[in-house]
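# Commentary on secondary and tertiary structure
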There are 2 protein chains.
Amino acid sequence: MLGDPTGIGPEIAAKVLASNVAGDAARLVVIGDARVLDLGMRDAGVRIPYTAYARLEDVPWPSPALPVVDLGNCDPARLPRGEVSPEAGRVCGETLERMVGFACEGRLDAVTFAPLNKAALHRGGYPFPDEHQMFARLTGHTGFYGEMNVIPEFATFRVTSHVSLRQAIDLITPERIEAALRLADTTLRALGHDRPRIGVAALNPHCGENGLFGDEEIRIIRPTVERLRAEGIGATGPYSSDTIFLKARRGEFDGVVMMYHDQGQIATKLLGFNKGVTVTAGLETVFTTPAHGTAFDIVGQGKADPGGLEYALRLAARLAAARAL
Amino acid sequence: MLGDPTGIGPEIAAKVLASNVAGDAARLVVIGDARVLDLGMRDAGVRIPYTAYARLEDVPWPSPALPVVDLGNCDPARLPRGEVSPEAGRVCGETLERMVGFACEGRLDAVTFAPLNKAALHRGGYPFPDEHQMFARLTGHTGFYGEMNVIPEFATFRVTSHVSLRQAIDLITPERIEAALRLADTTLRALGHDRPRIGVAALNPHCGENGLFGDEEIRIIRPTVERLRAEGIGATGPYSSDTIFLKARRGEFDGVVMMYHDQGQIATKLLGFNKGVTVTAGLETVFTTPAHGTAFDIVGQGKADPGGLEYALRLAARLAAARAL
């Protein structure tokens, strides 16, 4: 999915598809409007032979050229560039809805999307707090799922995410910690870690300093970690949140389970914003996207870095392949 | 102050004193037991000519050799190395109490201490949540004060610190934010910033997403920042906590005011743990110490890096000099 057409998405998608760097990892199909792909090729200064199809079921595998399922739903000449557009947001939401439909029919194993713009999505009729909640709604998912953030050094998983910090504290329960730990373990195994090493973050400063600054570590987090470790999940902690990312950077963990949004986001953004990938973990369908945004300030200049999108495609392929086993 | 004698404090103090790198910045006097300084010189493999005095008022200025006020309160041969010792904690607390007494009498302008061990201090009879609260108690301070963390890129100040995250949220009031901002402005001016640029962190993820994930930004933080900016303090924000440190690293701020402990600690520890200095800001007396700890794993090996302590000494000298103006 080419991302919001007012941003750098079409350009980086064209770059990744032209280099065919991800072609060894998956059978790729573009879902969207062929005119947006044309725009991306112009932005990127590349030409990719492609064949447009009206329906996904018409695509032959193997395909002689890049297949594009042309939804015919977006003329980029009628959209602005480098700014929030409700119409672009509407097109993004509609395209993702179509892709989720294909996935639910078993016609797509994974969905990788170039950057979206949340404000555009909201104004275009998709007012979800984040795309993960949109995907859960569209796929009819009712169990635990969550945003996973992957950088080359490690991956993070969240017990809570897009809620106020006060509400996040109320949501820290044994059930949610267990669900996040199981999701981390399953997902890291799918990414090739045989025995995932998972560090669990504390909630309070200094890990609560033995109960002096809060007792969630003693009452809730540690007993849950110990119970799951007794089951064979490679979880340790809780570790104070200002040391756990130092350990993770040194290679001591494959994954970190964090209690609230900013705990991990401060660290992963400092460690490598442009290398990162965001995954919706726990749904039937795999969803991945680069961690960076639409980069409105450099749209159309041909200088956007496609590395994050390439990494997102590769991760999606690995996760989907593991699921098919 | 040579730090906990069971740790690397005496060694790094001897290294800094031997190189005299901080001697241009201040008139230095060691307060402690001369036998601990001897131990540090052995650990460091250096010899420093020093003269022991029984009382601080006996020290002549300028002093022909390094003056040591020998309290005769610690025989390091009777202490373990590289582990928590209640007796070492008692000696540290007693020594700091004496130093605070000298400062309150006007005989010391600043106190720089090599790393302490909090568990040792607790067991040695000084059960404070942190050393800042100990210093506030010992100096009889009743107003706002706080821990400041300085790395080469920027300094952080805290609206709340060593309390549970739940209590921290309850403590986020206009009064405390104002006090932290004024403390940041005053302290950064003392450090040589003519017009300090201060970024203020949000509490909630995505800065509350316009009230969707919490409204402290709208109700409390933004109005306080705007009120103080109207007064001439160079404060901006709130910024979401996963972007404010990216901005600070790029040089956009001299200081960051954070709402809770881990917000800034995650960032400053990732950016440069060993370069950092901790300052007790807001008391009558200046207190500084390296951000790192007693490093029990490398005690006595001669390889401890004195850079943090040197930086702590230089910062203390600058803060004390500004206060004397």
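Just above, that's the structure.
A few points on the structure. Because the structure is a prediction, the values reported are computed rather than measured.

### Quick look at the overall build of chain A
If you tally the helices and strands in chain A, you get 11 helices and 11 strands. At 20 Å, chain A has a C-alpha radius of gyration in line with the 20 Å of a compact globule built from 325 residues. Over its C-alpha atoms, taken along the principal directions, chain A stretches across nearly 60 × 40 × 35 Å. Put simply, chain A has 325 residues, and 58% of those count as buried. Across chain A, the fraction of contacts at a sequence separation of at least 24, relative to all contacts at a separation of at least 6, is 72%. In the form shown here, chain A has an accessible surface area of approximately 12800 Å², with 48% of it arising from carbon and sulfur atoms. Across chain A, 34 positive and 39 negative side-chain charges occur, with their mean positions spaced 2 Å apart.

### With respect to the sheet that holds strand β9 (residues 255–258) of chain B
Residues and elements named next belong to chain B. Strand order in the open sheet formed by 8 strands is β4-β11-β10-β5-β6-β9-β7-β8, with mixed pairing between adjacent strands. Of all the strands in the sheet, just β4 (110–112) and β8 (235–239) have a single pairing partner and so form its edges. Going across the sheet, the axis of each strand differs from the next one's by a mean of 20°, ignoring polarity. Of the pairings in the sheet, the one linking strand β5 (residues 146–150) to strand β6 (residues 155–158) comprises 3 bridges and is antiparallel in character. Residue pairing in the sheet places Asn149 in a bridge with Thr156 of β6. Against the sheet, helix α7 (residues 174–190) makes contact with β5, β6, β7 (198–201), β8, β9 and β10 (277–281), and its axis sits at roughly 150° relative to β6, the strand it touches most.

### With respect to helix α10 (residues 261–272) of chain A
All names here are of chain A. With 12 residues, α10 ought to run about 16 Å at 1.5 Å a step, and its terminal C-alpha atoms sit 17 Å apart, in line with that. The element α10 is largely enclosed, with a buried count of 12 among its 12 residues. Where α10 is concerned, the buried positions are His261, Asp262, Gln263, Gly264, Gln265, Ile266, Ala267, Thr268, Lys269, Leu270, Leu271 and Gly272.

### Focus: the pairing of strand β10 (residues 277–281) of chain A
Both faces of the sheet carry side chains from a regular strand, because those side chains alternate between them. Residues and elements named next belong to chain A. The buried count for β10 comes to 5 of 5 residues, which makes it a mostly enclosed element. Burial along β10 is two-sided: the face carrying Val277, Val279 and Ala281 and the face carrying Thr278 and Thr280 are both buried. Direction of pairing for strand β5 (residues 146–150) relative to β10: antiparallel, over a ladder of 5 bridges. If you follow Glu147 over to β10, its bridge partner there is Thr280. Across 4 bridges, the pairing between β10 and strand β11 (residues 286–290) is antiparallel.

### Re the interface of chain B and chain A
The interface of chain B with chain A comprises 34 residues on the first partner and 34 residues on the second. A combined buried area of about 3200 Å² lies between chain B and chain A, and 64% of that area is made up of carbon and sulfur atoms. Counting across the interface, chain B meets chain A through 6 salt bridges. Two residues, Glu209(A) and Lys118(B), come together in a salt bridge whose shortest N-O distance is 3.2 Å. Our count for the contact surface shared by chain B and chain A stands at 18 residue pairs in polar contact (both at pLDDT 80 or more). Counting residues per element, the side of chain B that touches chain A draws most heavily on helix α10 (residues 261–272) of chain B, which supplies 9 residues. Among the residues making up the side of chain B that touches chain A, the classes are represented as 15 nonpolar, 10 polar and 9 charged.

### Concerning the relation of the copies chain B and chain A
With an axial shift of 0.0 Å and an RMSD of 0.1 Å, the rotation relating chain B to chain A amounts to 180°. What the rotation and shift describe, once combined, is the action of a two-fold rotation axis. Both copies present the same face, since 100% of the interface residues in chain B are matched by interface residues at the equivalent positions in chain A.

### Describing the sheet that holds strand β7 (residues 198–201) of chain A
In a beta sheet, neighbouring strands pair by backbone hydrogen bonds and run either parallel or antiparallel. All names here are of chain A. An order of β4-β11-β10-β5-β6-β9-β7-β8 is seen for the 8 strands of this open sheet, with the pairing classed as mixed. Of all strands in the sheet, those with a lone pairing partner are β4 (110–112) and β8 (235–239), marking the two edges. Strand-to-strand twist across the sheet, computed as the mean angle between neighbouring axes with direction ignored, equals 20°. Against the sheet, α10 engages β5, β6 (155–158), β7 and β9 (255–258), with an angle of about 140° to β9.

### Overview of the environment of Asp254(B)
All names here are of chain B. Within the fold, Asp254 resides in the loop between α9 (244–249) and β9. You can call Asp254 buried: its relative accessible area is 11%. Residues Asp254 and Arg90, spaced 164 residues apart in sequence, show a C-alpha to C-alpha distance of 37 Å. Among all residues touching Asp254, those that are not within four sequence positions of it are Phe154, Ala155, Leu188, His193, Arg195, Pro196 and Arg197. Within polar-contact distance, the side chain of Asp254 engages the side chain of His193 at 3.4 Å.

### What about the pairing of β9(B)?
Residue and element names in this part refer to chain B. By the alternation rule, side chains of β9 split into Gly255 and Val257 and Val256 and Met258, which are all buried. By the bridge criterion, 4 bridges tie β6 to β9 in an arrangement that is parallel. If you follow Arg158 over to β9, its bridge partner there is Met258. For β7 and β9, the ladder comprises 3 bridges, and the chain directions are parallel. What sits directly across from Gly199, in β9, is Val256.

### Considering the packing of helix α7 (residues 174–190) of chain A against helix α8 (residues 216–230) of chain A
All names here are of chain A. For the pair α7 and α8, interaxial distance at closest approach is 10 Å and the crossing angle is 45°. Between α7 and α8, the interaxial angle falls into the category oblique. As for how α7 packs across α8, the hand of that crossing is right-handed. On α8, the residues that touch Pro174, Ile177, Glu178, Leu181 and Arg182 of α7 are Ile220, Ile221, Thr224, Val225, Arg227 and Leu228. Looking at side-chain class alone, the contact of α7 with α8 contains 7 nonpolar, 1 polar and 3 charged residues.

### Thoughts on the nonpolar core
Nonpolar side chains in soluble globular proteins tend to be buried together. In this structure, Leu181(A), Val257(A), Met259(A), Leu181(B), Val257(B) and Met259(B) are the most contacted members of the largest nonpolar core, which totals 74 residues. Leaving out residues up to four positions away in the same chain, Leu181(A) has contacts with Ile198(A), Val200(A), Val225(A), Leu228(A), Ala235(A) and Val257(A).

Rules and cut-offs
Residues numbered from 1 in each chain as written. Chains lettered and ligands numbered in written order. Predicted model: local features only at pLDDT ≥ 70, side-chain atom pairs only at ≥ 80, totals over all residues. Heavy atoms only, no water. Helix = DSSP H or I, 4+ residues; strand = E, 2+ residues; numbered from the N terminus. Rg over C-alpha atoms; globule rule 2.2 N^0.38 Å. Buried < 20%, exposed > 50% of the residue type's maximum accessible area, 1.4 Å probe, protein only. Contact = heavy atoms within 4.5 Å. Areas by Shrake-Rupley, 256 points an atom, 1.4 Å probe, with all protein chains shown as cover. Lys, Arg positive; Asp, Glu negative; His and termini not counted. Charge placed at Lys NZ, Arg CZ, Asp CG, Glu CD. Pairing = 2+ DSSP bridges. Axes fitted to C-alpha atoms, helices over the stretch in contact; angles between N-to-C directions. Expected span 1.5 Å × (residues − 1). Buried area = accessible area lost by both parts, 1.4 Å probe. Salt bridge = Lys/Arg side-chain N within 4 Å of Asp/Glu carboxyl O. Polar contact = N/O pair within 3.5 Å; in protein donor to acceptor, adjacent residues only side chain to side chain. Nonpolar A, V, L, I, M, F, W, Y, C, P; charged D, E, K, R; others polar. Least-squares fit on C-alpha atoms with pLDDT ≥ 70 in both. Parallel < 35°, antiparallel > 145°, perpendicular 65-115°, else oblique. Left-handed = near helix turned anticlockwise from the far one by under 90°. Core = buried A, V, L, I, M, F, W, Y, C linked by side-chain atoms within 4.5 Å.

The analysis is restricted to geometry; functional conclusions fall outside its scope.
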